[in-house]
Amino acid sequence: MNKKRWSIKYICLISLLSALLVSLSLVTMFFTTDSVAIQFTTGVYLAFCYFVPGYGMLVSGIVYGAIMDLALNSIITMGITIIINILMFLFMKFGSKILTKHGAAILASCLVFIYIPFLYFTVWNSVEIATRNTLVVKEVIVDVIQLSVSIIVFEVMYFTLNKTKLNEKLSNF
């Protein structure tokens, strides 16, 4: 990939991966309960952040996160979703150089817990404390499930993509 500008092939790749992430996320929207969405695409996003060279997946994470919050009618969480996706990207790109790629994926997956204090103080601030605490417990359970699934999806994708030598093919972009 040319360091000075992105090639058309690279832009097409990032666009296709963004569309794939949005499509997968729209399918997983059916797994919502009581306005709590479990996004199974986090592991897919983390795998692509690791394998796709350059900063294209940063743009993809911002785009797909914003589209999903719009689709879920959750505009108030759009900013925090974008921040979390940026942090996930940074953990995968730079954290995998300090830690192992598996450790970076686990830490990046843990970033979904940032939603809890955000929701507690901004979205749920109009409800009474007992209801808020119940919502926090429910959100922690959902986030633990999302964390577990994200790590499993990342590991499956990592070993599959590594075996098919996709990382070598992607490095040619």
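The preceding data block contains the structure.
Residues numbered from 1 in each chain as written. Predicted model: local features only at pLDDT ≥ 70, side-chain atom pairs only at ≥ 80, totals over all residues. Heavy atoms only, no water.

J.: Explain helix α7 (residues 129-163) to me, using residue names and the numbers behind them.
T.: One turn of an α-helix holds 3.6 residues; hence residues three or four places apart share an orientation. In this model α7 runs 50 Å from its N-terminal to its C-terminal C-alpha over 35 residues, within 8% of the 51 Å that 1.5 Å per residue would give. Of the residues one or two after α7, Lys165 is the one with positive phi, at around 60°. (Helix = DSSP H or I, 4+ residues; strand = E, 2+ residues; numbered from the N terminus. Expected span 1.5 Å × (residues − 1).)

J.: Report on the packing of aromatic side chains, specifying residues and quantitative values.
T.: In the structure shown here, the tally under the stated rule is eight aromatic pairs. Between the aromatic rings of Tyr50 and Phe51, the centroid separation amounts to 5.3 Å while the plane-to-plane angle is 80°, which identifies the pairing as edge-to-face. For the ring pair Tyr50 and Tyr158, a centre distance of 5.9 Å and an interplane angle of 65° mean the geometry is edge-to-face. In this pair, Tyr50 is assigned in helix α2 (residues 42-51) and Tyr158 in helix α7, connecting sequence segments 108 residues apart. Aromatic rings pair up to connect Tyr50, Phe51, Phe154, Tyr158 and Phe159 into one cluster. Above the face of the Tyr120 ring, Arg132 is positioned so that its terminal group lies 4.8 Å from the ring centre. (Phe/Tyr/Trp six-rings, centres within 6.5 Å; stacked < 30°, edge-to-face > 60°. Lys NZ or Arg CZ within 6 Å of the ring centre and 35° of its normal.)

J.: I'd love a proper account of the packing of α2 against helix α4 (residues 78-98), names of residues and values included.
T.: For the pair α2 and α4, the least separation of the axes is 9 Å and the interaxial angle reads 45°. Classified by the angle their axes make, α2 and α4 are oblique. In this structure, α2 crosses over α4, and the sense of that crossing is right-handed. Of the residues in α4, those touching α2 at Thr42, Tyr45, Leu46, Cys49 and Tyr50 are Asn85, Met88, Phe89, Met92, Lys93 and Ser96. Residue composition of the contact of α2 with α4, by class: seven nonpolar, three polar and one charged. (Axes fitted to C-alpha atoms, helices over the stretch in contact; angles between N-to-C directions. Parallel < 35°, antiparallel > 145°, perpendicular 65-115°, else oblique. Left-handed = near helix turned anticlockwise from the far one by under 90°. Contact = heavy atoms within 4.5 Å. Nonpolar A, V, L, I, M, F, W, Y, C, P; charged D, E, K, R; others polar.)

J.: So what's going on with the nonpolar core? Residues and values would help.
T.: Counting residues in each nonpolar core, the largest one holds 37 residues, and the members touching the most others are Tyr45, Phe48, Val52, Met57, Met88, Met92 and Phe154. Looking at this core, the element that brings in the most residues is α2, giving seven residues. Excluding residues within four positions of it along the chain, Phe48 makes contact with Leu17, Leu20, Met57 and Met157. (Core = buried A, V, L, I, M, F, W, Y, C linked by side-chain atoms within 4.5 Å. Buried < 20%, exposed > 50% of the residue type's maximum accessible area, 1.4 Å probe, protein only.)

By themselves, these figures tell us nothing about what the structure is for.
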